[in-house]
Amino acid sequence: MESWDVIVVGSGPAALRAVLAADEAGARAMLLSECGIGSSGTASSGDALAASLKESSTKGHRDDTIRAGDWLSDQDIASSRTAAAASVLDELERWGVIFRRDAEGLPRSFAGPGHSSSRISGCGDATAREVLQALEDRCLRNNIHRRGDCLPLELVVEGDTVRGLVILDIAQGRVDALQAKTVILADSGFEGAWNGEQTGGTGQALAAASGIALRNMEFQAWTPLTISGTNLSLPLGLLANGARILSADGEEVISESTLSPTAIAQAMAATGDGCVMDARQMKGDFETWYANISALLIQRTGLDLAEEMVPVEPSVSAIIGGIPIDEHGRVMHGEWGNWMTGLYAAGDAACSGMHGASIAWGNRLLDDMVGGLNAGSHAGEWALSANSGGAQRLEEARDSRQNNLDTRLMEDTESSRIGSIRSALQTELSTTMSLNREGGALQTSLDNLAQLSAIAAEASLDDRSLLMNTNLLEALRLESACKLAHMAVSSALNRTESRGGHSREDHPERDDENWMKHSLVSSSGDFDTLPLRMSSSGTWILAPEV
């Protein structure tokens, strides 16, 4: 049985930064991903990094983060992570990321959605790709061990201590047990379920199945720039470079540049008609830094950004809620101060408390990088003084999972197909968990999703082998997404107010007196709450506005 100090689950910026930090701490670290090695994609953390480069302090960035989060951020977390932003940008630049430059030779900063000052830096439409490439190169330099095409099936826990993972290795066609002193869950959220795309959320599902109540699952971040009728989203940097969103009658939808992307999406939905983006007046070096997205848009739709207006609509871009963590990335178990020994989370899988109820532009990538660094460093240092264990428990879990999969593969059922289940999930979420929600519909959706989860657990399979069975892989992912969707709807039903990305038609006002707190939901849908963390002095850094 393989044994590691640290196993990091994921393939995006948070996972890569976490495994690098664990390795730098002296731990034996391994990166485990569902996709093939080298095919982690272009990431979805956005097209920019927010950092206060030309401000006298990071106070403005911190305050804008709290405002964008509609005062549901853990204010000490928002303060510490925005304070680290400049060092993150500096590190990425030293590792090879080429940022846009101003006349002084510094990374060029823009104002944009969620920010009152110019603090957004990036590489145009190549930011996510450049960051991933720099981190991938660093992993190669450090000789980080990686395993691809592996789906985690179970987080093995003994008592209240993590002992490792049971995985499905489709490249080898077998179920394996991996022993680990610590596990860092740093994969994607399940936002693809809203758009009918490949579903994610494996890390969140693993944590929930092990007894962790997930935090703030009712909140999703929305992008206003998805091309109508497609799954293609344009980078928000277009708005910072002069593009405008217009309603059907030609009126500009937003005049306030400090609105978060989710608030812009809500303003678009309020028009009641379709919207378009007008980028025809953009000047300067736009054609150089956004050449890739311009070419892709022409290829996919035949539309030319420089000559035509583009129909756009809101769509879910990220899951804000997730596995509750503290400032070190340790997974919290029920309340502050309690954590599951050896379990960490970062990136989209985690709910760090930084974003609150909505994400300011550039803060998602920042949270990935700082969260990955903190989790990897702490996990690596802690693992050096910890002992491995639970070998028998791991073997039992592996044998149980193997038997379950064998039984499922041998059964020739006439159950629903994966495509129809995915479509039903998309319809349920896009209808009930859209920008506007209502209590009665949410209650009905809970029952529908419970039934859909049961159907997904018995989805019909075409391939009966474990070797490279992508059909089974997607069925297991879809089963996890249905369970996570049920948890998200339960949280949305219980939060009886409107805040950030959660807008209730039957409770249209923000209720600071009763709901200035996090939500917690278990895998069975049981609901609880958790107090916010304010500052080390126990007071508000920034008081809520009336």
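Bear in mind that the values here come from a model prediction, so they are computed numbers and not experimental data.

**Comments concerning the overall build of the chain**
Move 1: From N to C terminus, the chain includes 17 helices and 19 strands.
Move 2: Rg of the C-alpha trace for the chain: 22 Å, near the compact-globule value of 24 Å for 546 residues, within the 12% margin.
Move 3: Taken along the three principal axes of its C-alpha coordinates, the chain extends 65 × 50 × 50 Å.
Move 4: Relative to its full complement of 546 residues, the chain shows a buried share of 57%.

**Examining the sheet that holds strand β19 (residues 527-531)**
Move 1: Read from one edge of the open sheet, three strands run β9-β18-β19, paired in antiparallel fashion. Single-partner strands in this sheet number two, and they are β9 (214-215) and β19.
Move 2: Relative to β19, strand β18 (residues 517-521) runs antiparallel, the two sharing five bridges. Looking across to β19, one finds that Ser 519 is bridged to Thr 529.
Move 3: Across the sheet, helix α16 (residues 470-494) touches β9, β18 and β19, and the angle it forms with β18 is around 140°.

**Comments concerning the pattern of salt bridges**
Move 1: The final tally for this structure, using the stated rule, is 40 salt bridges.
Move 2: A salt bridge links Asp 176 to Arg 174; the shortest N-O distance between them is 3.0 Å.
Move 3: For Asp 176, a relative accessible area of 14% translates into the label buried.
Move 4: A salt bridge links Arg 499 to Asp 512, with the nearest nitrogen and oxygen atoms 3.0 Å apart. Here Arg 499, found in the loop between α16 and α17 (512-515), pairs with Asp 512, found in helix α17; they are 13 residues apart in sequence, far enough to count as distant.
Move 5: Assessed through its relative accessible area of 25%, Asp 512 is described here as partly exposed.
Move 6: Connected through salt bridges with shared partners, the residues Asp 70, Glu 218, Arg 495, Glu 497, Arg 499, Arg 510 and Asp 512 form a single ionic network.

**Some thoughts on the confidence of the model for the chain**
Move 1: Confidence in the prediction of the chain, expressed as mean pLDDT, is 92, and 96% of residues score 70 or more.
Move 2: Per-residue pLDDT stays below 50 along residues 41-45; that stretch engages in 14 contacts with residues further than four places along the chain or on separate chains.

**Regarding the sheet that holds strand β11 (residues 244-246)**
By way of backbone hydrogen bonds, the strands of a sheet pair with one another, either parallel or antiparallel.
Move 1: Taking strand neighbours across the sheet as the criterion, the four strands line up as β10-β13-β12-β11 in an open arrangement whose pairing is antiparallel. In the strand order of this sheet, the two ends are held by β10 (220-227) and β11, each with one partner. The sheet shows a mean angle of 45° between the axes of neighbouring strands, direction not considered.
Move 2: Across three bridges, β11 lies against strand β12 (residues 275-278) in antiparallel orientation. Pairing of Arg 244 across the sheet is with Asp 278, part of β12.

**Thoughts on the packing of aromatic side chains**
Move 1: Scanning the entire structure with this criterion turns up four aromatic pairs.
Move 2: Aromatic side chains Trp 339 and Tyr 344 sit 5.8 Å apart centroid to centroid with 65° between the ring planes, which places their arrangement in the edge-to-face category. Each member of the pair, Trp 339 as well as Tyr 344, is classed as buried.
Move 3: Sitting over the ring of Trp 4, Arg 28 keeps its end group 4.7 Å from the ring centre.
Move 4: Geometry around Trp 515 places Lys 517 over its ring, the cationic atom sitting 5.4 Å from the centre.

Reading the values: the criteria
Residues numbered from 1 in each chain as written. Predicted model: local features only at pLDDT ≥ 70, side-chain atom pairs only at ≥ 80, totals over all residues. Heavy atoms only, no water. Helix = DSSP H or I, 4+ residues; strand = E, 2+ residues; numbered from the N terminus. Rg over C-alpha atoms; globule rule 2.2 N^0.38 Å. Buried < 20%, exposed > 50% of the residue type's maximum accessible area, 1.4 Å probe, protein only. Pairing = 2+ DSSP bridges. Contact = heavy atoms within 4.5 Å. Axes fitted to C-alpha atoms, helices over the stretch in contact; angles between N-to-C directions. Salt bridge = Lys/Arg side-chain N within 4 Å of Asp/Glu carboxyl O. pLDDT = per-residue confidence, 0-100. Phe/Tyr/Trp six-rings, centres within 6.5 Å; stacked < 30°, edge-to-face > 60°. Lys NZ or Arg CZ within 6 Å of the ring centre and 35° of its normal.

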